[in-house]
Amino acid sequence: MTEHEHLQAITDIRRIMERSSRFISLSGLSSISAGVVALVGAGVAQHMFNSYYARWSARGGYDVSDYVYLRNGLVLLGLGVMAMAFLLGILFTYRKARKNGLPVWDMTARKVFINGAIPMAIGGIFILGLLYNGAEWLVGTSCLIFYGLALINASKYTVPEIRYLGLTETVLGLLNLFFLGKGLYFWAIGFGCCHIIYGILMWWKYDRKENLQS
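Residues numbered from 1 in each chain as written. Predicted model: local features only at pLDDT ≥ 70, side-chain atom pairs only at ≥ 80, totals over all residues. Heavy atoms only, no water.

### Some details on the overall build of the protein chain
Stated formally: By the criteria applied, helices consist of DSSP H or I runs no shorter than four residues and strands consist of E runs no shorter than two, each listed in order from the N terminus. With a 1.4 Å probe rolled over the protein chains alone, any residue whose accessible area is under 20% of its type maximum counts as buried; one over 50% counts as exposed, and the rest are partly exposed. Every residue pair with non-hydrogen atoms within 4.5 Å of one another is taken to be in contact. For every accessible area listed, the method is Shrake-Rupley and the probe measures 1.4 Å; residues are considered covered only by the protein chains on display.
Helix and strand counts for the protein chain stand at 7 helices and 0 strands. Reading the protein chain from its N terminus to its C terminus gives the helix and strand order α-α-α-α-α-α-α. Taken across its 214 residues, the protein chain has 36% of its residues classed as buried. Within the protein chain, contacts between residues at least 6 apart in sequence are counted, and of these 76% link residues at least 24 apart. When the accessible area of the protein chain is evaluated, it comes to approximately 13,000 Å², of which 71% is carbon and sulfur surface.

### What to know about the environment of V112
The residue V112 is located in helix 4 (residues 107-132) in this model. Along the sequence, V112 and Y157 sit 45 residues apart, while their C-alpha atoms lie 5.8 Å from each other.

### Let's talk about the side chain of S27
Note the following rule: Here a polar contact is recorded for every N or O atom pair within 3.5 Å, except that within protein the pair must consist of a potential hydrogen donor and a potential acceptor, and residues adjacent in sequence are included only if both atoms are side-chain atoms.
With respect to the helices and strands, S27 occurs in the loop between helix 1 (3-21) and helix 2 (28-59). We classify S27 as buried; its relative accessible area is 9%. Reaching out from S27, the side chain makes a polar contact with the backbone nitrogen of L29 at a distance of 3.1 Å. Contact partners of S27, with chain neighbours within four places excluded, come to F92, T93, K96 and D207.

### Some points on the packing of aromatic side chains
Two descriptors summarise a pair of aromatic rings, namely the distance from one centre to the other and the angle between the planes of the rings. Applicable threshold: Classification of ring pairs rests on two measures: the distance between centres of Phe, Tyr or Trp rings, Trp counted by its six-membered ring, which must be within 6.5 Å, and the angle between planes, read as stacked under 30 degrees, edge-to-face over 60 and tilted in between.
In total, this model carries 11 aromatic pairs according to the counting rule given. Plain terms: the ring middles of Y62 and Y67 are 6.1 Å apart, the flat faces sit at 50° to each other, and that makes the pair tilted. Residue classification places Y67 among the partly exposed positions, given a relative accessible area of 25%. Through successive ring pairs, a cluster of aromatic residues spans Y52, Y53, W56, Y62 and Y67.

### Observations concerning helix 5 (residues 139-154)
Our working rule: In a helix, the anticipated span is given by 1.5 Å times the number of residues less one.
Between its first and last C-alpha, helix 5 extends 22 Å over 16 residues, near the 22 Å set by a 1.5 Å rise per residue. Burial within helix 5 is extensive, with 13 of its 16 residues counted as buried.

### Re helix 2
Counting along an α-helix, one turn takes 3.6 residues, and residues three or four places apart therefore face a common direction. Along its 32 residues, helix 2 runs 47 Å from first to last C-alpha, staying within 8% of the 46 Å computed at 1.5 Å per residue. Taken together, the buried positions of helix 2 are G28, S30, S31, S33, A34, G35, V37, A38, G41, A42, A45 and Y52. Measuring from the backbone nitrogen of L29 back to the side-chain oxygen at the start of helix 2 gives 3.1 Å, which picks out S27 as the cap. Immediately downstream of helix 2, the backbone of G60 shows phi near 80°, a positive value.

### Overview of the packing of helix 5 against helix 6 (residues 161-176)
Convention followed: To obtain an axis, a line is fitted to C-alpha atoms, over the contacting stretch when the element is a helix, and the angle between two such axes runs from 0 to 180 degrees between their N-to-C directions. Note that the term roughly parallel is reserved for angles under 35 degrees, roughly antiparallel for angles over 145, roughly perpendicular for angles of 65 to 115, and oblique for everything else. For a crossing to be left-handed, the near helix must be turned anticlockwise from the far one by less than a right angle; the clockwise case is right-handed.
As a packed pair, helix 5 and helix 6 sit with axes 7 Å apart at the nearest point and diverge in direction by 160°. Classed by the angle they form, the pair helix 5 and helix 6 counts as roughly antiparallel. Classified by chirality, the crossing of helix 6 by helix 5 is left-handed. Residues G140, T141, L144, I145, Y147, G148, L149, L151 and I152 of helix 5 form the contact with helix 6, whose participating residues are I162, R163, L165, G166, L167, E169, T170, L172, G173, L174 and N176.

### Some words on the environment of V171
With respect to the secondary-structure elements, V171 resides in helix 6. Assessed through its relative accessible area of 46%, V171 is described here as partly exposed. Taking the C-alpha atoms as reference points, V171 and G148, 23 residues apart in sequence, are found 8.3 Å from one another.

In structure tokens, the structure reads:
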């Protein structure tokens, strides 16, 4: 066996071990699409806020029913953004897995899902409690914190860069606690800009290399 063949064998063994222990089918395009959807959602939310305060000024005061309408609209918008980002993530991950001949829903993928779902489920219940008690101003920062914790918890079974994205989201959520009036901006930065930047980096590091090899 030549030196080149020996190095190639080591590389193949390392690749097989990595595929068996880590979920590597996450696509950079999944993160980019999620970031774009989040920015669009933030823009729609800003428009809803502007319309709400315009109606406030026109009537000359606060109206409970109008506030409830705004709150419910923002909750539905958030759920819609999350669903769209999730569906696009599945689509791009499925395409990448098929291209590389890898299973989408294997044992490692289930570990990623379960470890990420636990903090997300706890965060979802916590946010429901905030809404029930009328603490809507803490929803945005809670979303960032629990989402970041979910990424950190799932990162041990996928690419290590996920951990850094999770830490970034968590730090943004904690900072948002001191600037609660700017929650929409932190939301747009965390779920929008950070996802796009991370997705581009991941595409450049992993997806581009795979495209060149194919």
